[in-house]
Amino acid sequence: MAKLLRRLLQKFLRVFFSNLYTRFAWLYDAVAWLSSMGQWRLWRQTAIIPFQPGFILELGHGPGHLQKELQQSGYPSMGIDPSRQMNRLAQRRLAKEGLAHDLVRAKAQSLPFKDQSFHGIVSTFPSDYILDPATLSEVHRVLSKHAPFVMIGYIVITGQALPDRFARWLYRITGQSGSIPPGWQSYLDEYGFDTRLEEVTLERSCVTRLLAMRKE
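The following refers to the structure shown. (Residues numbered from 1 in each chain as written. Predicted model: local features only at pLDDT ≥ 70, side-chain atom pairs only at ≥ 80, totals over all residues. Heavy atoms only, no water.)

Some words on the side chain of Asp164
Formally: Secondary structure follows DSSP: runs of H or I at least 4 residues long count as helices, runs of E at least 2 residues long count as strands, and numbering of each begins at the N terminus. Contacts are assigned to residue pairs that have any heavy atoms within 4.5 Å of one another.
Structurally, Asp164 can be placed in helix α7 (residues 162-173). Apart from the residues within four sequence positions on either side, Asp164 is in contact with Met37, Gln39, Ile157, Gly159 and Arg204.

Focus: the pattern of salt bridges
Stated formally: Any Lys or Arg side-chain nitrogen located within 4 Å of an Asp or Glu carboxyl oxygen qualifies as a salt bridge. Buried residues are those whose accessible area, probed at 1.4 Å on protein chains only, stays under 20% of the maximum for their type, while exposed residues exceed 50% and partly exposed ones sit between those limits.
Summed over all chains, the structure comprises nine salt bridges. Residue Glu97 is joined to Lys68 by a salt bridge in which the shortest nitrogen-to-oxygen separation is 3.6 Å. Here Lys68 lies in helix α4 (residues 65-72) and Glu97 lies in the loop between α5 (84-96) and β3 (103-104), a separation of 29 residues in the sequence. The exposure class assigned to Glu97 is partly exposed, which follows from its relative accessible area of 40%. Taking the relative accessible area as the measure of exposure, Lys68 reaches 23% and is therefore partly exposed. Arg141 is the partner of Glu138 in a salt bridge, and the nearest nitrogen-oxygen pair spans 2.8 Å.

Description of the sheet that holds strand β4 (residues 120-124)
Hydrogen bonds between backbone atoms are what pair the strands of a sheet, whose relative direction is either parallel or antiparallel. Spelled out, the test is: When DSSP finds two or more bridges between two strands, those strands count as paired. Here an angle of 0 to 180 degrees is reported between the N-to-C directions of two axes, which are lines fitted to C-alpha atoms, with helices fitted over the stretch in contact.
Across the sheet, seven strands lie side by side as β3-β2-β1-β4-β5-β7-β6; this open sheet has mixed pairing. Here the strands that pair on one side only, and so sit at the sheet edges, are β3 and β6 (193-201). Where strand β1 (residues 56-59) lies against strand β2 (residues 77-80), four bridges are found, and the strand directions are parallel. Residue pairing for β2: Leu59 is matched across the bridge by Ile80. Of the strands in this sheet, β1, β2, β3 and β4 touch α4, which is tilted by about 170° from β2.

A short note on the environment of Phe149
One can find Phe149 in strand β5 (residues 148-157). Taking the relative accessible area as the measure of exposure, Phe149 reaches 0% and is therefore buried. Note: C-alpha distance between Phe149 and Met213 (64 residues apart in sequence) is 6.1 Å. Contact partners of Phe149, with chain neighbours within four places excluded, come to Leu59, Ile121, Ser123, Ile130, Leu136, Val139, Leu143, Phe193, Leu210, Leu211 and Ala212.

Thoughts on the pairing of β4
Most of β4 sits out of view: five of its five residues are buried. Burial of β4 is two-sided: the residues Gly120, Val122 and Thr124 facing one way and the residues Ile121 and Ser123 facing the other way are all buried. As paired elements, β1 and β4 share three bridges and run parallel to each other. Looking at the pairing, Leu57 lines up with Ile121 of β4. One ladder, built from four bridges, connects β4 with β5; its direction is parallel.

Brief notes about the packing of aromatic side chains
We apply this condition: Aromatic contacts are taken between Phe, Tyr and Trp rings whose centres are within 6.5 Å, Trp giving its six-membered ring; a plane angle under 30 degrees counts as stacked, one over 60 as edge-to-face, and the others as tilted.
Here the structure, examined in full by the defined rule, presents eight aromatic pairs. Ring centres of Phe51 and Tyr75 lie 5.3 Å apart, and the angle between their planes is 85°; this geometry places the pair in the edge-to-face category. Taken as a pair, Phe51 in the loop between α3 (40-45) and β1 and Tyr75 in the loop between α4 and β2 lie far apart in primary sequence, 24 residues in all. For the pair Phe51 and Tyr75, a shared accessibility class is recorded, and that class is buried. Grouping aromatic residues by their ring pairs yields a cluster made of Tyr28, Trp40, Trp43 and Phe125.

Focus on a positive patch on the surface
Put simply, the rule is: Only residues above 30% relative accessible area that lack a salt bridge enter a patch, with like-charged residues linked at up to 9 Å and the nonpolar side chains Val, Leu, Ile, Met, Phe, Trp and Tyr linked at up to 5 Å. Here, Shrake-Rupley sampling with a 1.4 Å probe gives the accessible areas, and only protein chains in the shown set may cover a residue. In this charge count, Lys and Arg are treated as positive and Asp and Glu as negative; neither His nor the chain ends contribute. Charged groups are reduced to one reference atom each: NZ for lysine, CZ for arginine, CG for aspartic acid, CD for glutamic acid.
Together, Arg84, Arg88, Arg92 and Arg105 make up a positively charged patch on the protein surface. Along the polypeptide, Arg88 turns up in helix α5. The exposure class of Arg88 is partly exposed, given its relative accessible area of 35%.

That's the geometry; what it means functionally is another story.
This is the structure we're talking about:
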């Protein structure tokens, strides 16, 4: 019975979280903050590394927070997201801040950009589409040579306070906690990247950052 309830809870949470990008987009920020116990912003910002001058593309821009932070860090940026609701939220957020809002409704598997258009690509907590061969081929195509593709995927919550313990349990249930499964690096290597994993240690958590550099 316990295993059945666990599976049902996992299914419910995954369906609920997937709907946060569409019909429940207006709840996204509140759920992200609550489920991470206030750490979501810090996790997201680990995607910002010292990029070379040039445009940065975000895959799955969501409500626009990373777009805002990239621009405020001095990096001109663009974003794509297939969600009409997220596109609208991000447009409003960036316009309110007086920032550029170059956002496109598109899928990562078919990027509407010219070859080698970007000096960096970032993606935070993406779903399975990120490992689609079409996605990786498109990322390689639109990246400049030796430019980075930065993915923030898995986290481990290390805080010991009760809220952190709850968040750790929740992320374990939804499969977002732990470490990147074996084979990721060699898989990306097949698509023309040199890859490495970096562990970013924060006060109450540890973030796994995958850095994939386009070879040629």
